[in-house]
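Coordinate inspection notes
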Amino acid sequence: MLTREHRVYHWTRPGRSISSDRLEDECLPHLSRAIAVYRRMIGRERGRVRDAARAALGALRPDRVEAIIELLDDAATYEWPRGPRQGELRVEVFAAAAREHPVLDPARVAELLGALLGRDILYADYPEFHRLTAFPTDYAGDDLRADYDLAQAQALLYDAVRVTVEATSGFRHIVQYARLSRLLHRLTRLPGGGYRLVFDGPNSVLRHTRAYGVDFARFLAALVQARGWRMQAEIALRKDLRPALFTLSDADGLRSRVPAPALFDSRLEERFSRKFGPERQGWRLSREAVILEAGESLLVPDFVFTHEDGTVVALEIVGYWTPEYLAEKFAKLSRVRAPNLIVAVRRDLALRAGTLPEGTLSATILPYRSGILLRDLLPRLEGLRSSRGRAGPLPGASHRAMPQDLAGERLVLRLRGCSRPHRDSA
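Treat the numbers as computed from the prediction; the structure is a model and nothing was measured.

1. Concerning the environment of Val 8
Here Val 8 lies in the segment before strand 1 (9-13). Sequence separation between Val 8 and Asp 63 is 55 residues; the distance between their C-alpha atoms is 7.1 Å.

2. Comments concerning helix 6 (residues 141-157)
Between its first and last C-alpha atoms helix 6 spans 25 Å; for 17 residues at 1.5 Å apiece the expected length is 24 Å, and the two agree. Extensive coverage of helix 6 is indicated by the burial of 16 of its 17 residues.

3. Details of the pattern of salt bridges
Following the criterion strictly, the structure yields 26 salt bridges and no others. A salt bridge links Asp 159 to Arg 7; its shortest N-O distance comes to 2.7 Å. Residue Asp 159 is located in the loop between helix 6 and strand 5 (160-167), and its partner Arg 7 is located in the segment before strand 1; the two are separated by 152 residues in the primary sequence. Arg 7 matches Asp 159 in its accessibility class, with the two residues each being buried. For Arg 54, the salt bridge is made with Asp 51, and the minimal N-O distance between the two is 2.7 Å. A residue pair is termed a helical-turn pair when its members lie 3 or 4 positions apart in one helix, as Arg 54 and Asp 51 do in helix 2 (residues 46-56) at three residues. For Arg 54, a relative accessible area of 26% puts it in the partly exposed group. Given the relative accessible area of 49%, Asp 51 is considered partly exposed. If you follow the salt bridges from partner to partner, you end up with Arg 46, Arg 50, Asp 51, Arg 54, Glu 66, Glu 70 and Asp 73 in one network.

4. As for unusual backbone geometry
Here the bond from His 101 into Pro 102 is cis, since omega is -5°, no more than 30 degrees from zero. Checked against the element boundaries, Pro 102 lands in the loop between helix 4 (85-99) and helix 5 (106-117). For Gln 281, which is not a glycine, the phi torsion comes out positive at approximately 50°. Of the residues examined, Gln 281 reaches a relative accessible area of 53% and is grouped as exposed.

Parameters and conventions
- Residues numbered from 1 in each chain as written.
- Predicted model: local features only at pLDDT ≥ 70, side-chain atom pairs only at ≥ 80, totals over all residues.
- Heavy atoms only, no water.
- Helix = DSSP H or I, 4+ residues; strand = E, 2+ residues; numbered from the N terminus.
- Expected span 1.5 Å × (residues − 1).
- Buried < 20%, exposed > 50% of the residue type's maximum accessible area, 1.4 Å probe, protein only.
- Salt bridge = Lys/Arg side-chain N within 4 Å of Asp/Glu carboxyl O.

Listed below in structure tokens is the structure:
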């Protein structure tokens, strides 16, 4: 990703809306020439490579050139001396020169340097002297332009104080990356179909720091891979200016080469899934396979257990978050009416969950220390299965199917005392 110093943006309406810089088609020949420089100068120092690439990009606006150079460097591979040896060599050279100070004879200077350094450069570990060793053979001008357009949009999000994403499809992908990016979010259903995720960032969680914006930027690289989404971000570039609106959607055509996400967003979840296995004692384990309605909000539990007799149990793990987030999490859980919900809570937080008014948390509490133990979980699963018998759903239960892209994978439950969902016949 780029830094703030490389950010280029445009005011669409001064003080109201803003957009990130994007390269035009006319820039492609210049980008291709800069890429050719990197391929031609394999084995040369970084400083020389960058200077040659700047010359190839000389026809572009100066504020764009350095950002493009940074992206080319990100795609390139450099090597340099590792460890403290390079610094030790400099000390030896300076100490030898000090014994003969002043060394005015160029031949003697070369002799001292050659005796101590051999073929090394005195400052070979400095970035300007790193040597280019490889550049992707399949990286083209279109790829560089796509990286630039995305990186400039990401750089604007460094100063985001609030981000709202509305999605009508690709919901599983979006929620998974929101979790992996460690973004605290609220999830609600849109009246016309689809879902809204609200990320408050430093406004409500980290207060006066904007470090959370880097997580927004990482999330955008994943968001652009989905379909049917629209994002609106409030960007506070300066304290004396009110936030400007930055809007994007899948129609803007941003592309990302972010690899597929890891399946788990914490070691605790990964260890638990590996320990439980895909199936145990008639229970099949699924990852984020159901959405629970909690009043006006929605909750995506971490795991879902499905028994061979049809019983479905959701598991939500409350991990290490801020006090504000925990308070909101417990408030949301208190609105879920589901006897088939297990909430795993660290032992020091379990007491706080137990202080909710009696009857408000319709869930089974599972305290844990460093990991969830199967000997604690399995009896609770069996208790929920036996409590409902084999009679089907309780009266008053209802459900809705997920959007088309998730049909057959997940169920949205309106949980007001329902014991188990049924798949939509459609």
